[in-house]
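# Breakdown of the fold
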Amino acid sequence: MATYFQFEADFVESLRCIPMQVRFKLDTCGIKLKLNQWNRFNQQERESLVDLPCASESEILAYRQFLCELIEKHTGSTATNLPVEPQPAWLEAEVIPDSVLAKGQVAGVAISTEQWAELTPLQRFALLKLSRSGHENHNFLPALQEFQLA
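Presented here is an overview of the structure given in this document.

Parameters at a glance
Residues numbered from 1 in each chain as written. Predicted model: local features only at pLDDT ≥ 70, side-chain atom pairs only at ≥ 80, totals over all residues. Heavy atoms only, no water. Axes fitted to C-alpha atoms, helices over the stretch in contact; angles between N-to-C directions. Helix = DSSP H or I, 4+ residues; strand = E, 2+ residues; numbered from the N terminus. Parallel < 35°, antiparallel > 145°, perpendicular 65-115°, else oblique. Left-handed = near helix turned anticlockwise from the far one by under 90°. Contact = heavy atoms within 4.5 Å. Core = buried A, V, L, I, M, F, W, Y, C linked by side-chain atoms within 4.5 Å. Buried < 20%, exposed > 50% of the residue type's maximum accessible area, 1.4 Å probe, protein only. Salt bridge = Lys/Arg side-chain N within 4 Å of Asp/Glu carboxyl O.

Below, the discussion takes up the packing of helix α3 (residues 43-51) against helix α4 (residues 57-75). Between two packed helices, what matters for the description is the angle formed by their axes and the separation of those axes. Axis separation between α3 and α4 bottoms out at 11 Å; the angle between their running directions is 160 degrees. On the basis of the axis angle, α3 is roughly antiparallel to α4. Judged by the twist between their axes, the crossing of α3 over α4 is left-handed. Contacts between α3 and α4 pair Glu45, Ser48 and Leu49 from the former with Tyr63, Phe66, Leu67, Leu70, Lys73 and His74 from the latter.

Below, the structure is given as structure tokens:
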């Protein structure tokens, strides 16, 4: 089942932006997808990328292959590989990444290790992505509020 966050509500219906759950899958399967590539996909293809599973080894391979085919079909170029982290920070329930702590402090929110551990991997992923420098991170505080951390 698709999981959308409230802070994504302004684009979920049209899927004009890449939702966090797809970004999570991109990091899982090791493919970089640019927004201009995403916007070349039709609505059904975008929905497929939202709905397709990407957890087991076979699902990850199938997702990767489907995505690579879409990129080639719509752009004429091959997909760009991303390194897949063997132990990504969003799976580390005991350690809050420095970028999340720092961004939380800027927002006036102190996140405890217990709160971090109670989040789902997708929620931790979202906070990690939204806390990185260079990212359009105006949704960090709304995400903290949605996750009941602020």
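Moving on from the model shown.
Another point: the nonpolar core. Counting 21 residues, the largest nonpolar core has Phe7, Val100, Leu127 and Phe147 as its most contacted members. Those elements giving two or more residues to this core turn out to be α7 (121-131) and α8 (140-146). For this core, the leading source of residues is α7, giving 6 residues. Excluding anything up to four places from it in sequence, Phe7 contacts Met20, Ala126, Leu130, Asn139, Pro142, Ala143, Glu146 and Phe147. Core analysis: the next-biggest nonpolar cluster, separate from the first, contains 18 residues, Leu26, Leu33, Val50 and Ala79 among them.

It is worth spelling out the pattern of salt bridges at this point. Evaluated as defined, the whole model comprises 3 salt bridges. With its nearest N and O atoms 2.9 Å apart, the salt bridge here joins Asp27 to Lys129. Of this pair, Asp27 sits in helix α1 (residues 20-29) while Lys129 sits in helix α7, placing them 102 residues apart in sequence. Each member of the pair Asp27 and Lys129 is classed as buried.

When you tally the buried positions in α1, you get 9 out of 10 residues, the bulk of the element. The complete set of buried residues in α1 reads Met20, Gln21, Val22, Arg23, Lys25, Leu26, Asp27, Thr28 and Cys29.

Among the structural elements, Asn139 can be located in the loop between α7 and α8. In this structure Asn139 comes out as buried when scored by relative accessible area, which is 16%. Setting aside residues up to four positions removed in sequence, Asn139 forms contacts with Phe7 and Leu130.

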